[in-house]
Amino acid sequence: MKKTYKIEVDCANCANLMEEAAKKTAGVKNAVVNFMTQKMDVEFTDGSEPEEVMKNVLKNCKKVEEDCEIYI
Amino acid sequence: MNKKQKRMLIKIVIASVMLIAFHFIPLKGIIRFIAYMIPYIIIGNDIIKKAFKGIINRKPFDESLLMAVATLGAISLAVYNEFNGQIGDYVEAVAVMLFYQIGEFFQSAAVAKSRKNIADLMNIRPDYANIEKDGKLVQVDPNEVNAGDIIIITAGEKVPLDGIIIEGNSSVNTVALTGESVPRSLNVGDEIISGSINLSGLLKVKVTKNFGESTVSKILELVENASSKKSKSEDFIAKFARVYTPIVVFSAIALAIFPPLIRIIFLNLTPMWNIWLYRALTFLVISCPCALVVSIPLTFFAGIGGASRTGVLIKGSNYLETLSKVKTIVFDKTGTLTKGIFEVNAIHHNKIDEERLIEYAALAESASSHPIALSLKKAYNKPIDISRVKDIQEISGNGIIAKIDDIEIIAGNDKIMEKFAIEPIKCHCVGTIIHIAINKEYMGHIVISDVIKPESEKAIEKIKKSGVKNIIMLTGDLKKVACEVAEKLKIDKYFAELLPNDKLNKIEEIIDGKNTVAFVGDGINDAPVLTRADVGIAMGAMGSDAAIEAADVVLMDDNPLKIASAIKISKKCLNIVKQNIWFALGVKFICLVLGAVGIANMWLAVFADVGVMIICILNAFRALIIKNNV
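These lines cover the structure that appears in this document, whether it is placed above or below. (Residues numbered from 1 in each chain as written. Chains lettered and ligands numbered in written order. Predicted model: local features only at pLDDT ≥ 70, side-chain atom pairs only at ≥ 80, totals over all residues.)

This part covers the overall build of chain B. When helices and strands are tallied, chain B shows 20 helices and 22 strands. At 35 Å, chain B has a C-alpha radius of gyration far larger than the 25 Å of a compact globule built from 630 residues. Along the longest, intermediate and shortest principal axes, the C-alpha atoms of chain B span 120 × 65 × 40 Å. Expressed as a percentage of the 630 residues in chain B, the buried residues total 45%. In chain B, of all internal contacts separated by at least 6 residues, the share reaching a separation of at least 24 is 65%. (Helix = DSSP H or I, 4+ residues; strand = E, 2+ residues; numbered from the N terminus. Rg over C-alpha atoms; globule rule 2.2 N^0.38 Å. Buried ≥ 20, exposed ≤ 12 C-beta atoms within 10 Å, placed from the backbone. Contact = placed C-beta atoms within 7 Å.)

Within chain A one finds two helices and four strands. Each helix and strand of chain A, placed in order from N terminus to C terminus, yields the pattern β-α-β-β-α-β. In terms of C-alpha radius of gyration, chain A reaches 11 Å, essentially the compact-globule figure of 11 Å for 72 residues. Structurally, chain A occupies a C-alpha span of about 35 × 20 × 15 Å along its principal axes. The buried share among the 72 residues of chain A stands at 44%.

Owing to its 3.6 residues per turn, the α-helix brings residues three or four apart onto one side. Residues and elements named next belong to chain A. With 15 residues, helix α2 (residues 50–64) should cover 21 Å at 1.5 Å per step; its first-to-last C-alpha distance of 21 Å lies within 8% of that length. Looking at α2, one finds that the buried residues are Val 53, Met 54, Val 57, Leu 58, Cys 61 and Val 64. On an axial view of α2, the arc spanned by its buried residues comes to 145°, and they lie on one face. Facing away from the buried surface of α2 by more than 90 degrees, the exposed residues are Glu 52 and Lys 59. For α2, the elements touching its buried residues are α1 (12–24), β2 (28–34), β3 (39–44) and β4 (69–71). (Expected span 1.5 Å × (residues − 1). Arc of directions from axis to C-beta.)

The next subject is the interface of chain A and chain B. Opposite the 14 residues of chain A that make contact, chain B presents 19 residues. A per-element tally of the side of chain A that touches chain B places α1 of chain A first, with three residues. Residue composition of the side of chain A that touches chain B, by class: six nonpolar, four polar and four charged. (Nonpolar A, V, L, I, M, F, W, Y, C, P; charged D, E, K, R; others polar.)

Another point: the packing of helix α7 (residues 232–265) of chain B against helix α9 (residues 290–309) of chain B. All names here are of chain B. Where α7 meets α9, the closest approach of the two axes is 10 Å, and the angle between their N-to-C directions is 170°. Between α7 and α9, the angle is such that the two are roughly antiparallel. As for how α7 packs across α9, the hand of that crossing is left-handed. Contacts from Ser 233, Glu 234, Ile 237 and Ala 241 in α7 reach Leu 292, Val 293, Ile 296, Pro 297 and Phe 300 in α9. Here the contact of α7 with α9 is built from residues that sort into seven nonpolar, one polar and one charged. (Axes fitted to C-alpha atoms, helices over the stretch in contact; angles between N-to-C directions. Parallel < 35°, antiparallel > 145°, perpendicular 65-115°, else oblique. Left-handed = near helix turned anticlockwise from the far one by under 90°.)

Residue and element names in this part refer to chain B. Position of Arg 184 relative to the elements: it lies in strand β6 (residues 184–186). Judged by the 16 C-beta atoms lying within 10 Å of it, Arg 184 is partly exposed. Sequence-wise, Arg 184 and Lys 465 are 281 residues apart; in three dimensions their C-alpha atoms are separated by 32 Å.

To continue, consider the pairing of strand β5 (residues 170–173) of chain B. Residue and element names in this part refer to chain B. On β5, burial follows the alternation: Ser 170 and Val 172 on one face are buried, whereas Ser 171 and Asn 173 on the facing-out side are not. For β5 and strand β8 (residues 197–198), the ladder comprises two bridges, and the chain directions are antiparallel. Across the sheet, the residue bridging to Asn 173 is Ile 197, located in β8. (Pairing = 2+ DSSP bridges.)

Helix-helix packing is described using two parameters, namely the angle between the two axes and the distance between the axes. Residues and elements named next belong to chain B. Between helix α3 (residues 63–83) and helix α8 (residues 273–286), the shortest axis-to-axis distance is 8 Å and the interhelical angle comes to 155°. It follows that α3 is roughly antiparallel to α8 by the angle criterion. Viewed along their axes, α3 and α8 form a crossing whose handedness is left-handed. Taken together, the residues of α8 that come into contact with α3 (itself represented by Leu 66, Val 69, Ala 70, Gly 73, Ala 74, Leu 77 and Tyr 80) are Asn 274, Leu 277, Tyr 278, Leu 281, Leu 284 and Val 285.

Here we take up the pairing of strand β4 (residues 163–167) of chain B. All names here are of chain B. The pairing of β4 with strand β7 (residues 191–192) spans two bridges and is classified as antiparallel. If you follow Gly 163 over to β7, its bridge partner there is Ile 192. Here four bridges tie β4 to strand β9 (residues 203–207), and the two strands are oriented antiparallel to one another. Bridge pairing links Glu 167 to Lys 204 in β9.

Printed below as a string of structure tokens:
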């Protein structure tokens, strides 16, 4: 399953870091952060609960970039 | 400007004013230290916080850490100098932080600006659709309208959904979709495409697609997703930034420790810890990778945005990159280089006026709905008075005999002429030939064929000029036809009489792994070929879903000149990317060397960081400017 989330992040490098962090989160098959349109496309692994997974994604992203926001 | 940017701007102004003021106020000792710490904390507190958080979260190697260590280090050095009776330089630390923040501010403003620019360009999303309910017009969300519903579009409104006009006529502006500024006039029965603007009349339109599948949604989705497909340059920079920062940090540490140690142990000199520490700190300031990390995706984004304004949709940064490297372009003939419609192309050996000849032919064929008859009627371009035509006799597959104004007309191929013992003059042209005889006397012939687009020749010339080496044409048409088109357009190579399957095989032969190959098709039954090529370019795609799906680059109208401009745009973009990479890395490398040997001070270091970034961003903005003279 694929979902798109609106995000807020200030610098392109931070966006790359967020993408890395999101990819490493359990339940995420692949993630692409689009800095320019401020969007994050997340592909979930089968059987995972997107809402739960996204909470962890946000937590992991906050670790690498304090200033970021994901509108879940 | 958003809240964050406003707050940052205020901080920048306050810190700058304080810094300048302190320059003129004679302060001493501890008071001077405290005074300078105020602007430092105002401007730098969030950076220092971020640096600490990074260390706590074990992701320490980012720009914040570099800036925090460099500025705190510079302050410590200044304090150390104060204790030794010299005057410590606090200004440098505060200024470095200040410039860093100005750079960050500029960057976020620039990105926001380009984002807004492109959003404006793509301002084709309709807000509402009018439907009639109980005799009144009601505005509803386009999402709520189903295929088959009737919508009403008044003059000046955006067309919200794709459909077919069932009442009214008007001219519509498709500039936002195709870049073509001449309005199209539409009548009952014509297709109308969402995202265009109804200029004059009131239209009743039967919706053919739900909003999700409409042209406007497809285009918006495509452009918005485009920058998610990252190019090799972007990947390279992301990877580069990941290894680069730790390397610089460790080099800085080495620079602070090893030279002094060598001085003591091997050279018996004073270690000069403070000088080497200062050089190491300068190193850190220079090293921020921001100029690259920001400007390169920004360039691609701007390039894709600028291209979409001219009616060229590029589905991803990676395709923009591939497009710039194209060495071989393979064209499908019909629908790309030629119009794909049959038209009267020439009239030869006519003994009466061309117009009269066309008139007789059109009248003779007036009862027929064959494509040839239609093209004759189109060439005649006047209402046909059927009462002038009598005794129509169709000889199947050969032609027509009819009486027009009581004169006997025979129109048809060689065979029908021979049947009536008329000597037809053979034609050297390729296409369908209609011979005309009046009262059994030969009067000339009309050539009907697929017409080469007026822009094709110039397009091929421009494509060649842009650095594409091979131009190849594939067609299912006869060899004779292909040869003529290829000669006229100066195309190097062609393969004719191909079935759709053969085209795929040919493309596979042409793709040799060395040259980048683009395929241009009209999206009708060549989707597999579009997918197979390194870059698939579909033209005339407005309203054709299959083409939009299969292609990597979509030309909204069917003008082949756009291919040349797409290549030009991609080359310009990649040039900017290259310039930025070399400029940023070059300046940084030079400053790093100068810093290591002690020539560069922190002021130069700030330029190497912030100045380079600003220049790179401004350079990236050039990608957005696309001249419309294709």
